[in-house]
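Okay, here's what each chain looks like letter by letter:
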Amino acid sequence: QVQLVEFGGTLVPIGGSLSLSCVVSGGAFSTYTMGWFRQAPGKEREFVGTINWRDDRTFYADSVKGRFTISRDNAKNTVYLQMNNLKSEDTAVYSCAARLYGSGTYFGWREYAWWGLGTQVTVSG
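Residues numbered from 1 in each chain as written. Predicted model: local features only at pLDDT ≥ 70, side-chain atom pairs only at ≥ 80, totals over all residues. Heavy atoms only, no water.

1. Describing a nonpolar patch on the surface
Part 1 of the argument: A surface patch of nonpolar side chains, about 230 Å² in accessible area, is lined by V5, F7 and V23.
Part 2 of the argument: Here V23 lies in strand β3 (residues 18-25). (Patch = residues over 30% accessible without salt bridge, like charges linked within 9 Å, V, L, I, M, F, W, Y side chains within 5 Å. Areas by Shrake-Rupley, 256 points an atom, 1.4 Å probe, with all protein chains shown as cover. Salt bridge = Lys/Arg side-chain N within 4 Å of Asp/Glu carboxyl O. Helix = DSSP H or I, 4+ residues; strand = E, 2+ residues; numbered from the N terminus.)

See the structure below:
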């Protein structure tokens, strides 16, 4: 059984930085394409970014491009989301997700098989 657990959510000031991590247990992490999504109160789940299993290629939503960076450490079964220059509109519950393999770029939450419960990030001035 594949399980994902996110860490690192907290309250940060506008313009601040924060790093989230997601630890995966079960299965073979190196074969998983990983995604980060977020959901703000009253809004739909939103794609943040993804990192490919094969070559670590990343892709980001326009709203975070240039500010957020996804990386992974296969030895630690962990994927990271580094968030810089945070804005109030980045406030949300951030969740990581995994899918087996994949040769494309996966934006939709339905394309991922396993999910963590999420961690709250609040950006406030």
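Picking up where we left off.
2. Some details on the sheet that holds strand β1 (residues 3-7)
Part 1 of the argument: An order of β1-β3-β8-β7 is seen for the four strands of this open sheet, with the pairing classed as antiparallel. The strands lining the two open edges of the sheet, one partner per strand, are β1 and β7 (68-73). If you compare each strand with its neighbour and ignore which way they point, the axes differ by 15° on average. (Pairing = 2+ DSSP bridges. Axes fitted to C-alpha atoms, helices over the stretch in contact; angles between N-to-C directions.)

3. Side note on the side chain of R99
Part 1 of the argument: In this fold, R99 is placed in strand β9 (residues 92-100).
Part 2 of the argument: The buried charged residue R99 lacks any salt bridge partner; its closest oppositely charged side chain belongs to E111, at an N-O distance of 4.9 Å.
Part 3 of the argument: Apart from the residues lying within four places of it in its own chain, the contact partners of R99 are T31, Y32, T33, Y106, E111, Y112, A113 and W114. (Buried < 20%, exposed > 50% of the residue type's maximum accessible area, 1.4 Å probe, protein only. Lys, Arg positive; Asp, Glu negative; His and termini not counted. Contact = heavy atoms within 4.5 Å.)

4. Topic: the pairing of strand β8 (residues 78-83)
Part 1 of the argument: Across six bridges, the pairing between β3 and β8 is antiparallel. Counted as the bridge partner of S19 is Q82 from β8.
Part 2 of the argument: Pairing of β7 with β8, which is carried by six bridges, proceeds in the antiparallel orientation. In the strand pairing of β8, I70 is matched with L81.
Part 3 of the argument: With antiparallel pairing between neighbouring strands as the criterion, β7 and β8 make up a hairpin whose turn holds four residues, including N77 at a positive phi of roughly 55°.

5. Let's talk about the state of the cysteines
Part 1 of the argument: For the coordinates displayed, the defined rule picks out one disulfide.
Part 2 of the argument: Across the disulfide, C22 is cross-linked to C96 (sulfur-sulfur distance 1.9 Å). Because the torsion about its S-S bond is 60°, the bridge between C22 and C96 counts as right-handed. Within this pair, whereas C22 is found in strand β3, its partner C96 is found in strand β9, the two being separated by 74 residues in sequence.
Part 3 of the argument: For C22, a relative accessible area of 0% translates into the label buried.
Part 4 of the argument: Residue class for C96 comes out buried when judged on its relative accessible area of 0%. (Disulfide = S-S within 2.5 Å.)

6. Side note on the pairing of strand β11 (residues 119-124)
Part 1 of the argument: The side-chain alternation of β11 yields one buried face, formed by T119, V121 and V123, and one unburied face, formed by Q120, T122 and S124.
Part 2 of the argument: Pairing between strand β2 (residues 11-13) and β11: three bridges, direction parallel. If you follow L11 over to β11, its bridge partner there is T122.

7. Structural notes on the packing of aromatic side chains
Part 1 of the argument: For the coordinates displayed, the defined rule picks out eight aromatic pairs.
Part 2 of the argument: Ring plane angle 70° and centroid distance 4.9 Å describe the contact between W53 and Y101, whose orientation is recorded as edge-to-face. With W53 in the loop between β5 (46-51) and β6 (58-60) and Y101 in the loop between β9 and β10 (114-115), the pair connects residues that are 48 residues apart, well separated along the chain.
Part 3 of the argument: Aromatic pair Y112 and W115: ring centres 6.4 Å apart, planes at 70°, arrangement edge-to-face.
Part 4 of the argument: Linked through ring pairs, F37, F47, F59, F107, Y112 and W115 together constitute an aromatic cluster. (Phe/Tyr/Trp six-rings, centres within 6.5 Å; stacked < 30°, edge-to-face > 60°.)

Honestly, that's just the spatial picture; any functional story needs more than this.
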